[in-house]
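Observations on the three-dimensional arrangement
Residues per chain are reported as follows:
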Amino acid sequence: MDIFSKIAAGQIPSYKCAENEEFYAFLDINPVAKGHTLVIPRREVDYIFDMPDDELARFELFAKRVAIAIRKAFPCKKVAQVVLGLEVAHAHIHLIPMQTEADADFRKEKLQLPPEEMQEVARRINEAFE
């Protein structure tokens, strides 16, 4: 079981933003912006484009709902969707609220938010999730 599967299973603590039986969304612990969320399938699959078409479609639709919640919780121009995935062998989408494209720059210094603030960010996204 990889680290993201352990997070989705509750074996490793996370700041949960949304979930259903197939997918799980939680705050990135090294965010580039407040509200930076990861969306993962509960099923272990390394590469997003190895997912069957119907599962990938459901994954994207779930991520869309999370992005809408992020935008409600943290008003922004858009929510960036970024797929990188070399550091963890588990498909995942980064959702990042942004006012400018610089907000989605992974080379910049990461935010260091205290646990209480991370909990509040996750709560706001979760409450806006439909």
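Scroll up for the structure.
Predicted, not measured: the structure shown is a model, and the values here were computed from it. (Residues numbered from 1 in each chain as written. Predicted model: local features only at pLDDT ≥ 70, side-chain atom pairs only at ≥ 80, totals over all residues. Heavy atoms only, no water.)

**Looking at the overall build of the protein chain**
Scanning the protein chain for helices and strands turns up three helices and five strands. N-terminal to C-terminal, the α/β element order of the protein chain is α-β-β-β-α-β-β-α. Its C-alpha atoms give the protein chain a radius of gyration of 14 Å, near enough to 14 Å, the size a compact globule of 130 residues would have. Based on the C-alpha atoms only, the size of the protein chain along its principal axes is roughly 35 × 30 × 30 Å. Burial statistics for the protein chain: of 130 residues in total, 45% are counted as buried. When contacts within the protein chain are restricted to residue pairs at least 6 apart in sequence, long-range pairs at least 24 apart make up 58% of them. Put simply, the protein chain has 17 plus and 22 minus side-chain charges, and the middle of one group is 6 Å from the middle of the other. (Helix = DSSP H or I, 4+ residues; strand = E, 2+ residues; numbered from the N terminus. Rg over C-alpha atoms; globule rule 2.2 N^0.38 Å. Buried < 20%, exposed > 50% of the residue type's maximum accessible area, 1.4 Å probe, protein only. Contact = heavy atoms within 4.5 Å. Lys, Arg positive; Asp, Glu negative; His and termini not counted. Charge placed at Lys NZ, Arg CZ, Asp CG, Glu CD.)

**As for the packing of helix H2 (residues 53-73) against helix H3 (residues 115-128)**
Contact pair H2 / H3: the axes reach a minimum separation of 8 Å and the direction vectors enclose 120 degrees. In the packing of H2 onto H3, the handedness of the crossing is right-handed. Here H2 contributes Ala 69, Ile 70, Lys 72 and Ala 73 to the contact with H3, which in turn contributes Arg 124, Ile 125 and Ala 128. Its residues placed into classes, the contact of H2 with H3 shows five nonpolar, no polar and two charged. (Axes fitted to C-alpha atoms, helices over the stretch in contact; angles between N-to-C directions. Left-handed = near helix turned anticlockwise from the far one by under 90°. Nonpolar A, V, L, I, M, F, W, Y, C, P; charged D, E, K, R; others polar.)

**Brief notes about the nonpolar core**
By size, the foremost hydrophobic cluster in this structure holds 30 residues, and its most contacted members are Val 39, Met 51, Phe 59, Phe 62, Val 66, Leu 95 and Ile 125. The element best represented in this core is H2, accounting for nine residues. Not counting residues within four places of it along the chain, the set of residues in contact with Ile 125 comprises Cys 17, Leu 27, Gly 35, Thr 37, Ala 69, Ile 70, Ala 73 and Phe 74. Ranked by size, the runner-up nonpolar core spans eight residues in total, among them Tyr 24, Leu 38, Ile 40 and Val 88. (Core = buried A, V, L, I, M, F, W, Y, C linked by side-chain atoms within 4.5 Å.)

**Focus: the packing of aromatic side chains**
By the definition in use, this model includes six aromatic pairs. Relative to Phe 59, the ring of Phe 23 lies with its centre 5.3 Å away and its plane at 35 degrees, an arrangement referred to as tilted. You can see Phe 23 sitting in strand E2 (residues 23-27) and its partner Phe 59 sitting in helix H2, a full 36 residues away along the chain. This pair shows no difference in class: Phe 23 is buried, exactly as Phe 59 is. (Phe/Tyr/Trp six-rings, centres within 6.5 Å; stacked < 30°, edge-to-face > 60°.)

**Re the pattern of salt bridges**
Counted under the stated rule, the structure contains ten salt bridges. Salt bridges here are not isolated pairs; linked through shared partners, they connect Lys 16, Glu 19 and Arg 42. (Salt bridge = Lys/Arg side-chain N within 4 Å of Asp/Glu carboxyl O.)

**Here we look at the side chain of Asp 2**
Within the element layout of this structure, Asp 2 appears in the segment before helix H1 (3-8). Lys 6 provides the closest opposite charge to the buried, unpaired Asp 2, separated from it by 8.3 Å. A polar contact of 2.8 Å, which involves the side chain of Asp 2, links it to the side chain of His 90. For Asp 2, the contacting residues outside a window of four places in its chain are Glu 44, Ala 89 and His 90. (Polar contact = N/O pair within 3.5 Å; in protein donor to acceptor, adjacent residues only side chain to side chain.)

So far we have only geometry, and geometry alone does not tell us how the molecule works.
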